Amino acid sequence: MYNKKRILTLVECAMLVAVAVVIDLLPFPKWPQGGSVSLCMIPIVFCSFRHGALWGMFTGFILSCVQMLTGFYLPPAGTFFAIVMCVLLDYVLAFGLLGSASIFGKLCGRNKKLGYAVGTFTVGIIRLACSFLSGIFLWASYAPEGTPVWIYSLTYNASYMIPNTLIACVVITLLCGLLDPVTLKSAKKS
C-alpha cells in the first residue's frame, strides 16, 4: 500500500510539472532580459499544499530542471561561478522553494484560506528575492547607466514577479477554498 501511494504521488507531481510547463508556454508577456508574467508557480504551490513541502520542493526542483532545458539564459560574465550562481538563484532555489508554501501556510493555524494566501505570497516573495539577488550579482550589466544596480534589479524583477505572486495568491486561495488540496473533495465538506 505504501509503494502504491508513493507512486501515485510521484505521478501527480510529474503531472503538475507538465501542467506548469504548459502554462509557461501560454502567450503571456515576456520581458526582454528574461522573466515573464506566468502562472507556472500555481501547480507547484498546489503540490505543496496537497503533498507537503518535501514533495512540493522536489516538484519545484524538477520544474527548474525543465525550465533550464527549455530556456536557459547564460549570464553575461559566462564564468563557471556565474553559471553556477545563475543555476542556483534563477532556477533551483527560485522554483524549488515554491514548494515550501505549505510550511508558511501552517503559520496561520486553523485559518486555511489565510494560510493558502500567506504560503503562496511568501514563496512568491522568496522567488522575487532570488531574482533580485541574481540581478545584482549576475545581470548588473543590463542596468541603465546611472541607475543603481539594486534599484534596477528590484524594479525589473518586481514588475513581473509581483503580478505573478498576486495572481497565484488569488487562484490558490480560490482553488483550495473550493477543493481541499489533500482530499480533493469539496472544502466545505472537509
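Right, let's walk through the structure included here. This structure is a prediction, so every number in the text was calculated from the model and none was measured.

## Section: the side chain of Asn164
Next, step 1: Summarising the element assignment, Asn164 is placed in helix α7 (residues 149–178).
Next, step 2: By relative accessible area, which is 1% here, Asn164 ends up buried.
Next, step 3: A polar atom in the side chain of Asn164 sits 2.8 Å from the backbone nitrogen of Ser38.
Next, step 4: Those residues within four positions of Asn164 in sequence are excluded, and the remaining contacts are Ser36, Val37, Ser38, Met41 and Arg127.

## Let's talk about the layout of surface pockets
Next, step 1: A volume near 240 Å³ is recorded for the second largest pocket.
Next, step 2: Taken together, 10 residues line the second largest pocket, and the ones lying closest to its centre are Lys5, Arg6, Thr9, His51 and Trp55.
Next, step 3: Contributions of two or more residues to the lining of the second largest pocket are made by α1 (2–25) and α2 (41–51).
Next, step 4: Element by element, the count of residues in the lining of the second largest pocket is highest for α1, at 6 residues.

## Concerning α2
Next, step 1: With 11 of 11 residues buried, α2 lies mostly within the body of the structure.
Next, step 2: Taken as a whole, α2 has its buried residues at Met41, Ile42, Pro43, Ile44, Val45, Phe46, Cys47, Ser48, Phe49, Arg50 and His51.
Next, step 3: Of the residues flanking the end of α2, it is Gly52, one or two places downstream, whose phi is positive at about 100 degrees.

What counts as what
Positions within a chain are numbered from 1, following the residues in the order the chain's sequence is written. The predicted nature of this model means local features are confined to residues of pLDDT at least 70 and side-chain atom pairs, given and counted, to a pLDDT of 80 or more, with totals for whole chains, interfaces and linings taken over all residues. Remark: hydrogens and water are excluded; side-chain values derive from all non-hydrogen atoms of the structure. Only DSSP runs of H or I with at least four residues qualify as helices, and only runs of E with at least two residues qualify as strands; both kinds are numbered from the N terminus onward. Here's how the labels work: a residue is buried when its accessible area is under 20% of the maximum for its type, exposed when over 50%, partly exposed in between, all with a 1.4 Å probe on protein chains only. A 3.5 Å cut-off defines polar contacts: any pair of N or O atoms within that distance qualifies, except that in protein one atom must be a possible hydrogen donor and the other a possible acceptor, and neighbouring residues in sequence count only when both atoms are side-chain atoms. Here, two residues are considered to be in contact whenever any of their heavy atoms come within 4.5 Å of each other. Throughout, the protein atoms alone are placed on a 1 Å grid, and a set of points is a cavity if a 1.4 Å probe fits but cannot get out or a pocket if it is open with protein on both sides within 12 Å along at least five of seven lines; lining residues have an atom within 4 Å of a point. Grid points are joined across faces, edges and corners, and a volume is the space filled by probe spheres set on the points.

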